[in-house]
Structures are given as structure tokens and as C-alpha cells.
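Results of the structural survey
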Amino acid sequence: MSEPAEQIPPAPSVSPAELAQQQRRRLLRFLLRLGHLLLATGTAVGEVETTLRRVAQGYQIKQFNVLALPTVLFVNFADEEDALQIEFTAEQGLALRFDQVEASYELARDAERTAIDPTEGLRRINAILAMPPRYKTHWSILGHVLGTVGIALVIRPSADVVGAAAFFGLVVGVLRLLARRGGIVNTLLPMFCAFVVALLALLGARHGFAASPIYVLVASLFAFLPGGTLAVATVELAYGDIVSGGAHFVSGMLQLVFLTLGMLTAASIVGLPPENLLVPVSDAMVRTWAPWLGAVFFAVGLWLHYSATLRALPWILALVLVAQAGQQLGAAVFGGYMSGFFAAMLITPASYIIQYRFGGPPSIVTFVPALWILVPSSLGLIGLAELVGNDRLAGIENFVTTLFSIVA
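Computed from a prediction, not measured in an experiment: that's the story for all the values here.

Before going further, it helps to spend a moment on the overall build of the chain. In terms of regular secondary structure, the chain is built from 16 helices and three strands. For the chain, the proportion of its 408 residues judged to be buried stands at 50%. Partitioning the intrachain contacts of the chain with sequence separation of at least 6 by distance along the chain shows that 72% fall at a separation of at least 24. Approximately 19,800 Å² of the chain is accessible, and the part contributed by carbon and sulfur atoms is 64%.

The next subject is a nonpolar patch on the surface. On the surface, Leu170, Val174 and Leu178 cluster together to form a nonpolar patch covering roughly 270 Å² of accessible area. Inspection of the secondary structure assignment puts Val174 in helix H6 (residues 159-178). With a relative accessible area of 31%, Val174 lands in the partly exposed category.

This brings us to the pairing of strand E1 (residues 64-68). Residues Phe64, Val66 and Ala68 point to one face of E1 and are all buried, whereas Asn65 and Leu67, pointing to the other face, are not buried. Pairing geometry for E1 and strand E2 (residues 72-77), over five bridges, is antiparallel. Across the sheet, residue Phe64 finds its bridge partner in E2, namely Phe77. Between E1 and the antiparallel strand that follows it, E2, lie three residues.

To continue, consider the packing of aromatic side chains. Evaluated as defined, the whole model comprises nine aromatic pairs. A ring pair is formed by Phe222 and Trp372, whose centres lie 6.2 Å apart and whose planes are at 80 degrees; its orientation type is edge-to-face. With Phe222 in the loop between helix H8 (213-220) and helix H9 (227-238) and Trp372 in helix H14 (residues 363-373), this residue pair connects regions lying 150 residues apart in the sequence. Side by side, Phe222 and Trp372 carry an identical accessibility label, which is buried. Here the aromatic cluster, defined as three or more aromatic residues joined through ring pairs, consists of Phe98, Phe222, Phe298, Tyr306 and Trp372. The ring of Phe224 has Arg176 lying over it, and the distance from NZ or CZ to the ring centre is 5.2 Å.

Below, the discussion takes up the packing of helix H12 (residues 313-333) against H14. Remark: H12 packs on H14, axes separated minimally by 8 Å, with the N-to-C direction vectors making an angle of 35 degrees. Along this stretch, H12 crosses H14, giving a crossing that reads as right-handed. On H14, the residues that touch Trp315, Ile316, Leu319, Val320, Ala323, Gln324 and Gln327 of H12 are Val365, Thr366, Phe367, Pro369, Ala370 and Ile373. Classifying every residue of the contact of H12 with H14 gives 10 nonpolar, three polar and no charged.

Looking now at the environment of Leu310. Mapped onto the elements of the fold, Leu310 is located in the loop between helix H11 (290-305) and H12. For Leu310, a relative accessible area of 57% gives the class exposed. As for Leu310 and Asp99, which are separated by 211 residues in sequence, their C-alpha atoms are 9.6 Å apart. Setting aside its immediate chain neighbours within four residues, Leu310 contacts Arg134, Tyr135 and Trp303.

With 14 residues, helix H2 (residues 45-58) should reach 20 Å at 1.5 Å per residue; the first-to-last C-alpha distance of 20 Å fits that figure. Restricting attention to buried positions, one finds in H2 the residues Val45, Val48, Glu49, Thr51, Leu52, Val55 and Ala56. Seen along its axis, H2 keeps its buried residues to an arc of 165 degrees; they face one direction.

Turning our attention to the packing of helix H3 (residues 98-114) against helix H4 (residues 118-129). A packed helix pair is summarised by two numbers, namely the angle formed by the two axes and the spacing between the axes. Across the interface, H3 lies against H4 with an axial gap of 10 Å and an inter-helix angle of 170 degrees. Taken together, H3 and H4 sit at an angle that is classed as roughly antiparallel. Facing H3, whose interface residues are Gln100, Ala103, Ser104, Glu106, Leu107 and Asp110, H4 presents Gly121, Arg124, Ile125, Ile128 and Leu129. Here the contact of H3 with H4 is built from residues that sort into five nonpolar, three polar and three charged.

Thresholds, definitions, all that
Residues numbered from 1 in each chain as written. Predicted model: local features only at pLDDT ≥ 70, side-chain atom pairs only at ≥ 80, totals over all residues. Heavy atoms only, no water. Helix = DSSP H or I, 4+ residues; strand = E, 2+ residues; numbered from the N terminus. Buried < 20%, exposed > 50% of the residue type's maximum accessible area, 1.4 Å probe, protein only. Contact = heavy atoms within 4.5 Å. Areas by Shrake-Rupley, 256 points an atom, 1.4 Å probe, with all protein chains shown as cover. Patch = residues over 30% accessible without salt bridge, like charges linked within 9 Å, V, L, I, M, F, W, Y side chains within 5 Å. Salt bridge = Lys/Arg side-chain N within 4 Å of Asp/Glu carboxyl O. Pairing = 2+ DSSP bridges. Phe/Tyr/Trp six-rings, centres within 6.5 Å; stacked < 30°, edge-to-face > 60°. Lys NZ or Arg CZ within 6 Å of the ring centre and 35° of its normal. Axes fitted to C-alpha atoms, helices over the stretch in contact; angles between N-to-C directions. Left-handed = near helix turned anticlockwise from the far one by under 90°. Nonpolar A, V, L, I, M, F, W, Y, C, P; charged D, E, K, R; others polar. Expected span 1.5 Å × (residues − 1). Arc of directions from axis to C-beta. Parallel < 35°, antiparallel > 145°, perpendicular 65-115°, else oblique.

Put into C-alpha cells, the structure is as follows:
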């Protein structure tokens, strides 16, 4: 007579209530990580909160609350059956390329429309963070050089400044790639890059090189200029997000101080008189077409350096040209501070129209390059440099111009 088969104990059953609770926890985790992904794009916290609320509606969440800060995100949801659940998370040092920004907004849009499974959503977030750059290293460095040349053509279109800016753009582009792992290196990188390029530029000026060192520095350090951060801070302050707006504003101003500190440290070593930082350029050397060519170079350079998708290139180029046209038209009609305000009136709605009406890239991808071409924070860098030199009145005027431009 055969022995009875060994009885395998049944797996412990999980009640439907426990399964539902696990699903809600996964959903909460997905919303947290999605929120931090959107914060890393540089979007204002109010827009991140609105996006998360729309996503939560797609999952039929009866009550959802979210509070976003620059580095901390709080979310909770509750209904009549479950006790209140609160979780928060903090992530720092996360910076996304343009292709990752597009993928993040695509994920948020998919979650809003179809309520994708939270596990699948978490998998896509991990895939976005692990995305390799679309273009190889040498193309990224070339993009930084083109962006530097573009800014030089816009702010000081002379052959010596443009040539020097291209060289220093190459130096800074290599340094940025070497320090892309993040951490404390990224915090000190702006000051270190400013010190290196300022030291080389001022040594060249001491030995008779005619380029204006301060404009060369502004062009080569464009990727560190916090125009986007300060603009987002102003938007958040205007909407009453005092904590986030204040944090972004202080962060942007501190970035300018780091850049200036690196530059002034190099100046103290070289011993060049402060008045030699700005070399006048004759009107005969300035060409009216140079800023337009600079805008094209700048758009293509940012497309390569920040690894944007091919479909984003025409939209980035279009909005950069709109910003350039708006600034020139505003300066001709209104003059002074109103030129930046007039250009902002054009690029702000245009970036959202591109995103929502034409199915283009997220507004942040097109708006930030267009804002950078207005160069408000480079004026602030020049102003801070002049404040420690002999022309303090001009320094104060340039710095005040920067603040008014950002607010506009």
C-alpha cells in the first residue's frame, strides 16, 4: 500500500483589505517619486502640486493633499474607510537632462490619462533616471562650446571675445562632464570653473590679449548662471509660495556669489586692475546679424549639451528666436527694463502653447533656453564684478537692472 503524498501547507491567504492597502502604499510611493522627478525638472512647486493632483484624480483618490518644497515632498490621502496616511521623502542633487524632462512629463501625462499600474510607474521612473545621454561625450562638449559662442555673439560680438569664449567654453564643458557624478563637487564646480577660466583670461589680458575678460567669463559660464532659478523663484513668490520662492531665490543669488568669488580670487592672484575687466569695443566691430546667429548657435548648443530629443530642437530654436526678437523690439519701443518684460510676455505663453496645443516638449525645455538668451543673470555677474572694482555706480545699476529684468 503506497504512502499518502506529503501535504504541502497552503500559502497564507491575504485578505482583500490587505491587498488594497498594499496597492495604496505602492500608489503613494509612485506619487512621491513622480513628484520628486518633476521637482528635479526645475518646474515651480505650484505646477508640480497641480500635476500630482490631476494624476491622483485619475486613480479615483477621493481626498489627496500635497505640499511640495524644493527638496521635500509631503503627500497624503484618505477616505471614509482608511485612516489618514502621511509619507514624505527628501532627495537632493538630482538634475535632469532635457530628454529626461520630456520622459518625466510623458509619464505624468500617461498616469493622468490611463491610471497606469503603480509598479509599472515606479519601473519607468527608474528607467528615466538610468537613461544614458542621447549623444556621445564629444557632442555634449561641442554643444557647450556652441552655446558659449552663441552667448558671446549676443552680448559682445567681437572676434577676440568670441574666439576666447569658444576656448573657455571647451574648458568648462570638459570640467562639467568630469564632475557630473554630483555631490559636493557639483556645489563647488561653479566657483572652481570661474576661478580656472578667470585665471586664464586675466593672464591673457595681462600679456596683451585684447578680449574683455568679464564678457568671456559670462559667455563660458552660461550654464551656471541661475537665470532660470531666479525666474522660478519670482514666480513662486508671486503665487505666495514663500518658502520655496525664498529658497530658490537665495540659491540663485548664492550661485552668483560663488561665480564672482572664483573670478575675484583669480583676479587677486593675477593682480589685474579692476578697470581692465571690461574692455570697450568699437561700434564698427558690432554686426547687426551677430545676435541672430548667436541665438541659433545657442539653441543648437543647448540641444546637444542637455541631450534634448530631435523633435524638441525646432521648438527650442523657435522660442529662442522669439525671445531675441522680443528683446530687441522691446528695447526699441520701450527701452530699459521693459525689453525683458516684453520678451517674457511672448515666450511665457508661447512655451505653454507649444506644450499643450502643438504637442511639443514640456514648457520648461523651451522656456529655459529662451530665458537664458535674455541674459539677465549675466548682467548680475557683471554688476557684482564692477561693485568690487572702480566703477561701483555702474555695478549697482547693472545689478538693479538684473533684479528688475527677473521680476519682469
